[in-house]
Amino acid sequence: MRILILGAGGMVGRRLIDKLLADGNLAGQPIEAVDAFDVVEPRFDNASGTVAIESSAGDIADAATVAALVARRPEMIFHLAAIVSGEAEADFEKGYRINLDGMYHLLEAIRAQGDAYRPRLVFTSSIAVFGAPFEDPISDTFQQAPLTSYGTQKAICELLLADYTRKGFVDGVGIRLPTIVVRPGKPNKAASGFFSGIIREPLAGHEAILPVDDEVRHWVASPAAAVGFLLHAATMDTEILGHRRSLTMPGLSITIREMIEALREVAGDEVAGRIRREPDATIEKIVSGWPRDFKADRAIEAGFVADTDFAAIIRAHIADEAARQGVQ
């Protein structure tokens, strides 16, 4: 099996590749090679050497670049590449070029390979495809009416994925990810970045800015759960999806206050006290249009599994950071 991962340099992409390299197979089928692509060439530690990995960089909105990657005819494609929510809202043109044009060029490159080629394509969508006013919780039949450019771009891509699957060009699965918490490393330009920041930064000894009210409720999942979603989407029986190829992933519905209390439970008052409240009207407006709770029955029935305890997510982040820094 050859696997292509677009957006391989991001946090979820790196974790996915680490898992694939460690396992050496996907659903029992040996992995021959992984093509890792991003806007900056990603690097990976491939100590085992049993799976060939080739990294490259380029612009996903360039049709020729995407066509060259697909010409290797990977049996499995993970499309994780995107301009994140805050940046897509601030830079309208860039958001559509990367998030929409990139998806279209990918699907067209696959179609151009001919009838004998029909790869599994796992696309990371977002709960931003839904917009207020919401039902509570949001069911699988709730209308998609996004209130951000990012959500609109993801919703359009879901429609494209379903149509190209219906026509037999790809075997597509779209997974609407919750906000992934706790993201390691430096903050990105996502409007949702503070959900990780108020946990990650205090644990690292730094002050964190909280730009929204403590009673804001959101739908979250851990990095480990995100990788699990991707792997399950790659190996599941897609016949059970019918023509509705995108699913809302299970997660945890939790308030900022509950997140901070979980941090206090795990790390103590001093750590929790490093959070400084500084309202940001722009972020408040974006977040107010996001969904808060879901009834993700289709995904659960299809075998997707998520976290059940936020304190456990924090403890897993602490363990991951200790391992990354070589602390026993």
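The sections below set out a description of the structure shown in this document. (Residues numbered from 1 in each chain as written. Predicted model: local features only at pLDDT ≥ 70, side-chain atom pairs only at ≥ 80, totals over all residues. Heavy atoms only, no water.)

Digging into the pairing of strand β11 (residues 217–221)
Note the following rule: Classification of residues uses two cut-offs on accessible area relative to the type maximum, computed with a 1.4 Å probe and protein chains only: under 20% is buried, over 50% is exposed, and between them is partly exposed. Labels follow the DSSP assignment, with helices taken as runs of H or I lasting at least four residues and strands as runs of E lasting at least two, numbered in each case from the N terminus. For two strands to pair, DSSP has to find at least two bridges joining them.
Counted residue by residue, β11 has 4 buried out of 5 residues, so it is predominantly covered. Pairing between strand β9 (residues 179–180) and β11: 2 bridges, direction parallel. Pairing of Thr179 across the sheet is with Val220, part of β11. Across 4 bridges, β11 lies against strand β13 (residues 252–255) in antiparallel orientation. The residue of β13 that forms the bridge with His218 is Ile254.

Section: the sheet that holds β11
An order of β9-β11-β13 is seen for the 3 strands of this open sheet, with the pairing classed as mixed. With partners counted over all chains shown, the strands left at the sheet margins are β9 and β13, one partner each.

Here we look at the packing of helix α6 (residues 193–203) against helix α8 (residues 256–267)
Operational definition: For helices, the axis comes from a line fit to the C-alpha atoms of the stretch in contact; other axes are also lines fit to C-alpha atoms, and the angle between any two N-to-C directions lies between 0 and 180 degrees. Should an angle fall under 35 degrees it is called roughly parallel, over 145 degrees roughly antiparallel, and 65 to 115 degrees roughly perpendicular, with every other angle called oblique. Should the near helix be turned anticlockwise from the far one by less than a right angle, the crossing is termed left-handed; should it be turned clockwise, right-handed. In what follows, residue pairs with any heavy atoms lying within 4.5 Å of each other are defined as contacts. We call Asp, Glu, Lys and Arg charged. Ala, Val, Leu, Ile, Met, Phe, Trp, Tyr, Cys and Pro are nonpolar, and the rest, Gly among them, are polar.
Running from amino to carboxyl end, α6 crosses α8 at an angle of 20°, the nearest separation of the two axes being 11 Å. In terms of orientation, α6 lies roughly parallel with respect to α8. Here α6 runs over α8; the crossing is right-handed. Listed contacts from α8 to Phe194, Phe195, Ile198, Ile199, Pro202 and Leu203 of α6 are Ile256, Met259, Ile260, Leu263 and Ala267. Of the residues that constitute the contact of α6 with α8, the class distribution is 11 nonpolar, no polar and no charged.

Regarding the pattern of salt bridges
Rule in force here: Salt bridge criterion: a side-chain nitrogen from Lys or Arg within 4 Å of a carboxyl oxygen from Asp or Glu.
The tally for this structure, following the rule as stated, stands at 25 salt bridges. Residue Arg111 is joined to Glu108 by a salt bridge in which the shortest nitrogen-to-oxygen separation is 2.8 Å. Of this pair, Arg111 and Glu108 are both found in helix α4 (residues 92–112), 3 residues apart, which corresponds to roughly one turn of the helix. According to the relative accessible area criterion, Arg111 is partly exposed, its value standing at 39%. For Glu215, the salt bridge is made with Arg257, and the minimal N-O distance between the two is 2.4 Å. Taken together, the positions of Glu215 in the loop between β10 (208–210) and β11 and Arg257 in helix α8 put the pair 42 residues apart, joining distant regions of the chain.

Considering the packing of aromatic side chains
Defined as follows: Pairing of aromatic rings covers Phe, Tyr and Trp, the last through its six-membered ring, and needs centres within 6.5 Å; plane angles under 30 degrees mean stacked, over 60 mean edge-to-face, and all others mean tilted.
Going through the model one piece at a time under the given rule, you end up with 8 aromatic pairs. Centroid distance Phe229 to Phe304: 6.3 Å. Interplanar angle 65°. Geometry classified as edge-to-face. Residue Phe229 is located in helix α7 (residues 223–235), and its partner Phe304 is located in the loop between α11 (297–301) and α12 (310–324); the two are separated by 75 residues in the primary sequence. Of the two residues, Phe229 and Phe304, both sit in the buried class.

Observations regarding the nonpolar core
This is how it is decided: Remark: nonpolar core denotes a set of buried residues (Ala, Val, Leu, Ile, Met, Phe, Trp, Tyr, Cys) joined through side-chain atoms within 4.5 Å.
Core analysis: the largest hydrophobic core is formed by 40 residues, its most contacted members being Ile3, Ile5, Leu16, Leu26, Phe78, Ile175 and Phe304. Looking at this core, the elements that each hand over two or more residues are β1 (2–6), α1 (11–23), β4 (33–38), β6 (76–79), β8 (171–177) and α7. Broken down by element, the residue count for this core peaks at 8 residues, all from α7. Beyond its immediate sequence surroundings of up to four residues, Ile3 is in contact with Leu20, Leu26, Ile31, Ala33, Val34, Asp35, Pro74, Met76 and Phe78.

Re the sheet that holds strand β7 (residues 120–126)
One open sheet accounts for 7 strands, arranged β5-β4-β1-β6-β7-β8-β12; its pairing is parallel. Of all the strands in the sheet, just β5 (52–57) and β12 (246–248) have a single pairing partner and so form its edges. For this sheet the average axis-to-axis angle between neighbouring strands, irrespective of direction, equals 15°. Bridge count for β8 against β12 is 3 bridges, and the pairing is parallel. The partner of Ile175 across the bridge, within β12, is Leu247. The strands touched by α1 within the sheet are β1, β4, β5 and β6, with β1 carrying the most contacts at an inclination of about 165°. The sheet contacts of α4 involve β1, β6 and β7, and relative to β7 the element is tilted by about 170°.

Re α12
We apply this condition: Here a helix's expected span is defined as the number of its residues, less one, multiplied by 1.5 Å. Within this analysis, the arc is defined by the directions that extend from the helix axis to the C-beta atoms.
In this model α12 runs 21 Å from its N-terminal to its C-terminal C-alpha over 15 residues, within 8% of the 21 Å that 1.5 Å per residue would give. When α12 is considered as a whole, its buried residues turn out to be Phe310, Ala311, Ile313, Ile314, His317 and Glu321. Buried residues of α12, viewed axially, fall in a sector of 160°; they line one side. Where α12 is buried, its residues touch α6, β11, β13 and α8. Just downstream of α12, Gly326 is the residue with a positive phi angle, here 75°.

Some thoughts on the pairing of β8
This is how the line gets drawn: Seen with its strands pointing away from the viewer, a crossover is right-handed when the path leading from the first strand over the helix to the second is clockwise.
Extensive coverage of β8 is indicated by the burial of 7 of its 7 residues. Residues of β8 alternate between two faces, with Asp171, Val173, Ile175 and Leu177 on one and Gly172, Gly174 and Arg176 on the opposite face, all of them buried. As judged from the 7 bridges shared by β7 and β8, these two strands associate in the parallel manner. Bridge pairing in β8 places Arg120 opposite Asp171. Between β7 and its parallel partner β8, the chain crosses via helix α5 (residues 149–166), and the hand of that crossover is right-handed.

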